[in-house]
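# Structural features, examined
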Amino acid sequence: MDRRHFLRVTGLAGLGVVVGGREAAALKLVECSDDSTDTACKRIAEHEGFLRDMDRMLTEKGISDPAQRQALLAAATCPVCGVPLMPSATGAF
């Protein structure tokens, strides 16, 4: 790589930062509250509702052992999006 090519490439990269420099929305931390309109917050609330409903149904079906109910809930997935309703041990969904 010669000096001219290097300066051209770094100059264009600097121009991209100046022109396109804005906050990365994909990495934005969102605080969810009861009145939040963020889609991720709505999905989390929906998943928590599914878990509550499933736990109630398991209790009604006679599964009274909390460990057994917890294991069944941990294996459950969302009927809407297919994502596990509970985070995994690694913290990822």
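Residues numbered from 1 in each chain as written. Predicted model: local features only at pLDDT ≥ 70, side-chain atom pairs only at ≥ 80, totals over all residues. Heavy atoms only, no water.

It is possible for side chains bearing opposite charge to pair when their charged atoms get close. Applying the stated criterion to the full structure yields four salt bridges. Linking aspartate 55 and arginine 69 is a salt bridge whose minimum nitrogen-to-oxygen distance equals 2.6 Å. Remark: arginine 69 occurs in helix α3 (residues 66-74) and aspartate 55 occurs in helix α2 (residues 39-60); sequence separation between them is 14 residues. A residue is classified by how much of its surface remains accessible, and arginine 69, at 16% relative accessible area, is buried. Residues glutamate 60 and arginine 56 are paired through a salt bridge, measuring 3.6 Å at the closest nitrogen-oxygen approach. Taken together, the positions of glutamate 60 and arginine 56, both in helix α2 and four residues apart, correspond to about one turn of that helix. Residue arginine 56 is classed as partly exposed on the basis of its relative accessible area of 43%. (Salt bridge = Lys/Arg side-chain N within 4 Å of Asp/Glu carboxyl O. Helix = DSSP H or I, 4+ residues; strand = E, 2+ residues; numbered from the N terminus. Buried < 20%, exposed > 50% of the residue type's maximum accessible area, 1.4 Å probe, protein only.)

Looking now at the confidence of the model for the protein. Interpreting fine coordinate detail is not advised for predicted regions of low pLDDT. Of the residues in the protein, 73% have a pLDDT of 70 or more, and the chain-wide mean is 78. Between the elements of the protein, mean pLDDT differs from a low of 65, seen in helix α1 (residues 3-20), to a high of 90, seen in α3. (pLDDT = per-residue confidence, 0-100.)

What follows concerns the nonpolar core. Of all hydrophobic cores here, the largest spans seven residues; its members are Leu51, Leu58, Ile63, Leu73, Ala76, Cys78 and Leu85. With residues up to four places along the chain from it excluded, the contact list for cysteine 78 reads His47, Phe50, Val83 and Leu85. (Core = buried A, V, L, I, M, F, W, Y, C linked by side-chain atoms within 4.5 Å. Contact = heavy atoms within 4.5 Å.)

The next subject is the packing of α2 against α3. In the contact formed by α2 and α3, the axes pass within 10 Å of each other and the chain directions differ by 135 degrees. Relative to α3, α2 is oriented oblique. For the element pair α2 and α3, the recorded crossing hand is right-handed. Within the contact between the two elements, α2 uses Leu51, Met54, Asp55, Leu58 and Thr59 and α3 uses Arg69, Leu72 and Leu73. Among the residues making up the contact of α2 with α3, the classes are represented as five nonpolar, one polar and two charged. (Axes fitted to C-alpha atoms, helices over the stretch in contact; angles between N-to-C directions. Parallel < 35°, antiparallel > 145°, perpendicular 65-115°, else oblique. Left-handed = near helix turned anticlockwise from the far one by under 90°. Nonpolar A, V, L, I, M, F, W, Y, C, P; charged D, E, K, R; others polar.)

Here the focus is the side chain of arginine 69. One polar contact links the side chain of arginine 69 to the main-chain carbonyl oxygen of serine 64, over a distance of 3.3 Å. Beyond its immediate chain neighbours, meaning those up to four positions away, arginine 69 contacts Asp55, Leu58, Thr59, Ile63 and Ser64. (Polar contact = N/O pair within 3.5 Å; in protein donor to acceptor, adjacent residues only side chain to side chain.)

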